[in-house]
Amino acid sequence: MTAIKHALQRDIFTPNDERLLSIVNVCKAGKKKKNCFLCATVTTERPVQVKVVKVKKSDKGDFYKRQIAWALRDLAVVDAKDAIKENPEFDLHFEKIYKWVASSTAEKNAFISCIWKLNQRYLRKKIDFVNVSSQLLEELPKVTEESVPSGENQSVTGGDEEAVDEYQELNAREEQDIEIMMEGCEYAISNAEAFAEKLSRELQVLDGANIQSIMASEKQVNILMKLLDEALKEVDQIELKLSSYEEMLQSVKEQMDQISESNHLIHLSNTNNVKLLSEIEFLVNHMDLAKGHIKALQEGDLASSRGIEACTNAADALLQCMNVALRPGHDMLLAVKQQQQRFSDLREHFARRLASHLNNVFVQQGHDQSSTLAQHSVELTLPNHHPFHRDLLRYAKLMEWLKSTDYGKYEGLTKNYMDYLSRLYEREIKDFFEVAKIKMTGTTKESKKFGLHGSSGKLTGSTSSLNKLSVQSSGNRRSQSSSLLDMGNMSASDLDVADRTKFDKIFEQVLSELEPLCLAEQDFISKFFKLQQHQSISGTMTEAEDLDGGTLSRQHNSGTPLPVSSERDMIRQMMIKIFRCIEPELNNLIALGDKIDSFNSLYMLVKMSHHVWTAQNVDPASFLSTTLGNVLVTVKRNFDKCISNQIRQMEEVKISKKSKVGILPFVAEFEEFAGLAESIFKNAERRGDLDKAYTKLIRGVFVNVEKVANESQKTPRDVVMMENFHHIFATLSRLKISCLEAEKKEAKQKYTDHLQSYVIYSLGQPLEKLNHFFEGVEARVAQGIREEEVSYQLAFNKQELRKVIKEYPGKEVKKGLDNLYKKVDKHLCEEENLLQVVWHSMQDEFIRQYKHFEGLIARCYPGSGITMEFTIQDILDYCSSIAQSH
């Protein structure tokens, strides 16, 4: 290592006027070992600069090169990793942290010690030495940088610098004194030895004078010692006097201590009295109930407004007294225990009085409301409970007090209220629905015909009466298929628009009466029983419905309460118990309406959807929203059943073999259904349900029209298809149903195709022999004979053509067209009025054939002068006169 030091000093540092003080062989931690040297150096010129230099052996030879240098002033932390155990690793924190592993712990310690000394000598800055042994950090004598020798021949041994000269620069006064001394001795500069000898002699003279001075002062010292002995004697006398004084004051001190202790006891007593007074005042102020409040709780009138207000104030005061936060130890006082017991007795007594009074009010309400039921028995209205709610709301604060003080009695009152009100509402609602059903069916006798009897208004008809009713609701639809000749004289339903409008108004009136009744009762329950009904995410929705054809599941509103998880759930459970009859009664009413006329399900779907939408906007988890949602499921099922029944009736239609078909009954029924549905569903929320029903129905109509046309024997298939698809197209064009635009185009195409097919089939070949002749001509041309040469063929010469033409004079043509008109008239039905359309199409087809024959004559028999026995104008005249004559 010494050789390396000398080499580095010679080759690297001496040329740069630097002196190497310490060196350590290191490699970077955690990487492949690439050895290098860290050197601590100082410059030989002032001001001295201290650096840490990294030196590395060159890859191209054995010489060393300077790689990087850091100023020592930039060093922040030296971390030796472990101050106790030997560890070659250490970190130097410059602008970033450099981690090194020394070749030996001794080299590392020597290098760190050198860094510490250089810091103390030159920088005087705080470098943190972490995990460094205290032995390495020995304090050096503070020297100035001028004391460092600058000779290049000085070396470093064991990491320490050589001893430096203790030379100190002279200040100005010292220089002046030396100059005066040298001026007094002329040979001071020329003869230094003589000058030094002179100074030595003068120093000896001064030493002698000092010794004599010390010897002369011995007498003075003896005098001083004597004075000190006298002073000590005086001190002893003073101490004796102080001791006597202390003995004299000892008795005074004891008396003063007694007085001080007495004052402390008096102060402590006063403090205790103040605290005791504060505690008594606290108990009196917070646990004293006024006599007026006690009297109100014991004897207060709960029937009058003034008495209710007094009882409410007294109950609040009692609650405050009972809920006062007692301080530690108060509950052990007998008076406090007695007062608390008295409060408990007052609370129990008043809670019993309040519960008993409210129970009597609930019972009286049932009797009072029963007396008003008679006046509502003939009107489709529900009794108003607002006066009863208004009277009971006066007790709302007392109910809140009862809820917080005696929840058992509060719960009992809640149960009694539900029991009394559920019986009352059940009577009112059943009577209300009885009136609605009577108004729907017209009279009581008619209502019995639909399976209604008794005051409850329930449907109890037998299976036979239900079947009979089903026949009545759609009887004409079925009977139309048995007699197709009388189609034009029969309606699509026994009930006209006025009856359905009446049903719609009654159903709307029922829902409009029920909705405010439920909302008012729910609002009253929330206010009276102090239950929160704000919206909360609690997963209380009981309806999981897919009204568009998926699985329909719902919770039954039975009397069995669900586990109450919140006050909101408690409101719903109370509403379910009180209005448990609403959903069954609505379902019965819906069943009746559906039996009266299956098309009533359209009215009910629209009305019920609107009310459900309104209720869900107010509160989607309320009793009203849930109940109407459940009933809407039933209505949607009835609507789907109505659509399915219509499709089934289409499939069951049987046509007569002896009479012409005409417009099929289910086509007319679809027209009636679509017209009614469009008027009902205008601006409705559930338009999507109707559009899906349209799609199912129109597909059923298309399929079954084709099926009936294929089975028809009396009426040609094309006529059945043409007339019915024309009717469907006219219906869809008139109603402008957007979701059936594709079906409208399809119906028009089918009508057009079958009209053309029927015309061609019916017209046939009115000029049969002429047609056969020209078919032969076209066959010769197809074989390659030129059109002008056809007339030279023996079978197709001009004489043969004239012979065939003479067989079809105008009279015969008119006779054939007249027979054709009668045949078409026999096939077509009157209500669709397509005769003239078909006849005009036949006229156009006949003229097309005529023009075709004339074209062949002109091309194959040019210049022959051969023409038909009649003209196009003759054809138009024949068709016009035949149409007018019929």
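Scroll up a little and you will see the structure.
Analysis parameters
Note on numbering: residues in each chain are counted from 1, in written sequence order. Residues qualify for local features only when their pLDDT is at least 70, as the model is predicted, and side-chain atom pairs are given and counted only at 80 or more; totals for whole chains, interfaces and linings, by contrast, use all residues. Values reported for side chains reflect all heavy atoms of the structure, with hydrogen atoms and water molecules removed beforehand. Whenever a carboxyl oxygen of Asp or Glu lies within 4 Å of a side-chain nitrogen of Lys or Arg, that contact is scored as a salt bridge. Only protein chains enter the calculation, and the probe is 1.4 Å; a residue is then buried if its accessible area is under 20% of its type maximum, exposed if over 50%, and partly exposed in between. Cysteine sulfurs are considered disulfide-paired once they come within 2.5 Å of each other. The pairing criterion for strands is at least two bridges between them, as found by DSSP. Secondary structure counts use DSSP, requiring at least four H or I residues in a row for a helix and at least two E residues in a row for a strand, with both numbered from the N terminus. Only Phe, Tyr and Trp rings take part, Trp by its six-membered ring, and two of them pair if their centres are within 6.5 Å. Stacked means planes under 30 degrees apart, edge-to-face means over 60, and tilted covers everything else.

Student: What is the right way to look at the pattern of salt bridges in this model?
Tutor: With the rule as written, the count across this model stands at 35 salt bridges. Measuring nitrogen to oxygen at the nearest pair gives 3.2 Å for the salt bridge that ties aspartate 406 to lysine 409. Accessibility expressed as a relative area gives 24% for lysine 409, which makes it partly exposed. One continuous salt-bridge network, built from bridges that share partners, spans Arg347, Glu348, Asp406 and Lys409.

Student: I'm lost on the state of the cysteines in this one. Help?
Tutor: Put plainly, two cysteines are in a disulfide when a covalent bond ties their sulfur atoms together. Counted by the stated rule, this structure contains zero disulfides. A disulfide-free cysteine, cysteine 27 has its sulfur positioned 7.7 Å from the sulfur of cysteine 36, the nearest such atom. The thiol of cysteine 39 is not disulfide-bonded; the next cysteine sulfur, from cysteine 36, is found 9.2 Å away. Residue cysteine 39 is classed as buried on the basis of its relative accessible area of 0%.

Student: Just to check I follow, could you spell out the pairing of strand β4 (residues 64-71) for this structure?
Tutor: Moving residue by residue along a regular strand, the side chains alternate between the two faces of the sheet. Note that strand β3 (residues 50-57) and β4 share seven bridges and pair antiparallel. Considered in β4, the bridge of lysine 57 is made with tyrosine 64. Taking the residues between adjacent antiparallel strands as the criterion, β3 and β4 are bridged by six residues.

Student: Can you walk me through the environment of arginine 648 in this structure?
Tutor: Residue position: arginine 648 is located in helix α19 (residues 623-652). Sequence spacing of arginine 648 and glycine 700 is 52 residues, and the spatial spacing of their C-alpha atoms is 8.9 Å.

Student: I would appreciate a short explanation of the packing of aromatic side chains in the present structure.
Tutor: What characterises a pair of aromatic rings is the spacing of the ring centres plus the angle enclosed by the ring planes. Applying the stated criterion across every chain yields a total of 28 aromatic pairs. Aromatic side chains tyrosine 417 and phenylalanine 524 sit 5.8 Å apart centroid to centroid with 40° between the ring planes, which places their arrangement in the tilted category. Taken as a pair, tyrosine 417 in helix α12 (residues 407-441) and phenylalanine 524 in helix α15 (residues 497-528) lie far apart in primary sequence, 107 residues in all. Aromatic pair phenylalanine 503 and phenylalanine 507: ring centres 6.1 Å apart, planes at 15°, arrangement stacked. Residue phenylalanine 503 and its partner phenylalanine 507 are located together in helix α15, separated by four residues, close to a single helical turn. The pair formed by phenylalanine 503 and phenylalanine 507 is uniform in burial state, with each residue classed as buried. The structure contains a cluster of three or more aromatic residues connected by ring pairs, namely Phe362, Tyr407, Tyr410, Tyr417, Phe524, Phe528 and Phe529.

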